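A closer look at the structure
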Amino acid sequence: MYRWLDDRLSIGKLYAKAFRKAFPVHHSFFLGEITLFSFITLVLTGIFLTLNYEPSIRPVSGPLSGGQEVPAAYYSILYIDSLPFGAVIRSLHHWAAHIMIAAAFLHMLRIHLTGAYKNPRELNWIVGVFLLVLAILTAFTGYALPFDNYALTATKIGYEIGAAAPWVGKLLSDILFAGELSPTNTQTIPRLYSIHVLWLPLTLIALISLHLVIMIKQKHTQPRYAEKVAPGKIVGVPLFPQQAAMMGILFLVYIGATTFIAGAFLAHPVEAFGPPTANTPAVKPDWYFLWIYGILQIIPANWRFEFLGATFGPQFWGGILVPTLIILGALAIPFLDYSKEKQRYLELPSRHPFRTSFVIGVLMFYIMSTLAGYKVDLGLSNELLWVLVLVVPVVTGVVSYILIKAIYGKEWNQEVQVELRGKGPATD
Amino acid sequence: MYRNDTVVPYFALVFSAALFLTAYLNDRFRVVHEAGAVPHLTVGNIGLMAFALVLFVYGFIGLLSNWLEGSELRPGRHEPEPSSLPMVAGVVLSLLLVMLSGFFVRTLIFANNPEIGYYNATTLQAGVFGAMMFILALLIAIYKKFFIEEEVLAEDEKGDFPW
Ligand code: HEM
């Protein structure tokens, strides 16, 4: 059998080349893999959902809705939840989306903190930024599909922000939502469905493949001890069997932990808010949009002017300008901190105090703007929130910079000499 | 950061526990909206728990990687040291896996019963399924640690794969 396949496809060569590719070992590399496995989980659970979901809002009734007339999409969610293990699979799909975004964000932080974005990996950093944006957009387009009152209201916040983009906003949101987002627009759900299950996942698959191929071609950064063990070489374990075994273990641990949480805490039970009604419940957008929502809460309503027929109001400043500037800033990072030398090894975050305290400041900005999303609930004043959003991140950044420099004294900007600790001799 | 250390994974596990606890102790942990009797998580708590889950999985696999792969690699082949204890553990875990899979099927049959209104005991189903996945992960880990010959490569930086 092996001989037969080898004659036709030279699988022996494939084994020698692909399966014996060396993978450096470091715990921080698992963050990218967790993001990847979240995506795979989303595809697998998503296939199950598509088999049972009906993308339509035609009114239907049946035993699951207690004879009450509800939109077909809503009814099909009740049906999925009633299938054996169906509720857990749907909840797992929902949790995996949140986890993918959180993991991609932490993966990006690790790339930033260890300097892995530098020459030659600028391109992969850029692909990564687009991946994060695309993952968020995919999650957003899936949110309204159950068509309950909660999802519809939460999606509306995003819809209004998108529509506030000058000149093109209306057109873009018309394309995405097939017209106005409302409980009666019959075209919206089929449109969102096609985008959510087909176009965005296909684009994600293409971009993730590109991301991984670039990573394999450029070789992974390595922990610095490898420089002493075998200078100029990639020290790692072969893809098969060792790396594959680690990936298998990680996937199983990931599925085990997330399924348990998904079953114990069902995400988004549609019965909590019921099908869309005339009154809109007080809801907040998902946590990854909460910081934008927070900024919208503190921008005064009178910051508004007209220019060439377009309105520039709070939704433009908070919902479009600030995120666009942050994305452009992220794209620029590898070019602002450019190194002529090829980056081969992970850098120690504590020896790069400016970069590290910058990251801490940015994290503080997200935390504070998320807090602003709770302005009404916590009764916080606008003045206080402006100070928290603008001043606290800067102060945190400066203080951590001073602290890191003070702790590491004269050697604060030098990489530390590595002493080998592992067993066995180093080879040249 | 200079080697496959355990400091960051340990910290991730502690941080994960702190985030879970913050979400759990939040008095708005499970909100019951007036319109329905079904409780649901708030967006803030879902966010805290999503980060907690990533950090948990990361911390766990980080520590496991240190145990299975060590903190530094040395090129060459390294023979495993099989002994009877991992063998016994493997057999016990496999039996447990078979038992749990039978139990899991029972939970599915139970849920597929029209007389009780197709009720899904989601925590139980997911708990059993999650435990099965953990056991499978442990089985692979034991097999890797005690039965696979470890090989460490020192590959040329200018390797021509994939082109
Ligand atoms: C959203 C989906 C993403 C997936 C599935 C993904 C997947 C991966 C994987 C599996 C790796 C190799 C393991 C590792 O270093 O962690 C990797 C490496 C990398 N990723 Fe991502 N990633 C994603 C997003 C991002 C983002 C948002 C960025 C940064 C803006 C990024 C930048 C990079 C870079 C520069 C590398 C090479 C790291 C090195 O050589 O040390 N990725 N990615």
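Residues numbered from 1 in each chain as written. Chains lettered and ligands numbered in written order. Predicted model: local features only at pLDDT ≥ 70, side-chain atom pairs only at ≥ 80, totals over all residues. Heavy atoms only, no water.

This part takes up the domain arrangement of chain B. Residue and element names in this part refer to chain B. Taken as a whole, chain B is organised into domain 1 (1-73) and domain 2 (80-153). One C-alpha centre belongs to domain 1, the other to domain 2, and the line joining them spans 22 Å. On the domain 2 side, the residues contacting the 7 residues of domain 1 number 6 residues. Between domain 1 and domain 2, a total of about 610 Å² is buried, with carbon and sulfur atoms accounting for 81% of that surface. Across the domain 1-domain 2 interface, the total number found is 0 salt bridges. Our enumeration of links across domain 1 and domain 2 arrives at 1 residue pair in polar contact (both at pLDDT 80 or more). (Domains from an automatic or database assignment. Contact = heavy atoms within 4.5 Å. Buried area = accessible area lost by both parts, 1.4 Å probe. Salt bridge = Lys/Arg side-chain N within 4 Å of Asp/Glu carboxyl O. Polar contact = N/O pair within 3.5 Å; in protein donor to acceptor, adjacent residues only side chain to side chain.)

Let us now look at the packing of aromatic side chains. Considering all chains together, one arrives at 34 aromatic pairs over all chains under this definition. Between F105(A) and F51(B), the ring centres sit 6.4 Å apart and the planes meet at 80°, which makes this aromatic pair edge-to-face. Of the two residues, F105(A) is situated in helix α5 (residues 86-113) and F51(B) in helix α2 (residues 43-69); the pairing between them involves two chains. Within the aromatic cluster, the residues linked to one another by ring pairs are F105(A), F140(A), Y159(A), F177(A), W287(A), Y288(A), F289(A), W291(A), F365(A), Y366(A) and F51(B). Above the ring of F23(A), the side-chain terminus of K21(A) is found at 5.6 Å from the ring centroid. (Phe/Tyr/Trp six-rings, centres within 6.5 Å; stacked < 30°, edge-to-face > 60°. Helix = DSSP H or I, 4+ residues; strand = E, 2+ residues; numbered from the N terminus. Lys NZ or Arg CZ within 6 Å of the ring centre and 35° of its normal.)

Let us look at the site of the ligand. Residues and elements named next belong to chain A. Around the ligand, a shell composed of 23 residues is seen, among which H107, R110, H211, H220 and T221 lie nearest. Between the ligand and H211, the relevant distance is 2.8 Å, taken from a nitrogen atom to a side-chain nitrogen or oxygen of the residue. According to the grid-proximity analysis, the pocket containing the ligand is the second largest pocket. Within the residue set of the shell around the ligand, elements represented by two or more residues are α3 (30-52), α5, α6 (122-143) and α9 (188-218). Here the element with the most residues in the shell around the ligand is α6; it accounts for 6 residues. Class assignment of the residues belonging to the shell around the ligand gives a composition of 12 nonpolar, 8 polar and 3 charged. (Near = heavy atom within 4 Å. 1 Å grid on protein atoms, 1.4 Å probe; cavity = no way out; pocket = protein on both sides within 12 Å on 5 of 7 lines; lining within 4 Å. Sits in = over half its atoms within 2 Å of the grid points. Nonpolar A, V, L, I, M, F, W, Y, C, P; charged D, E, K, R; others polar.)

All names here are of chain A. Between α5 and helix α11 (residues 239-264), whose axes approach to 8 Å, the crossing angle comes to 115°. Note on packing geometry: the crossing formed by α5 with α11 is right-handed. From α5, V88, S91, L92, W95, A96 and I99 reach across to α11, where they touch Y254, T258, T259, I261, A262 and G263. Looking at the contact of α5 with α11 residue by residue, the class counts come to 8 nonpolar, 4 polar and no charged. (Axes fitted to C-alpha atoms, helices over the stretch in contact; angles between N-to-C directions. Left-handed = near helix turned anticlockwise from the far one by under 90°.)

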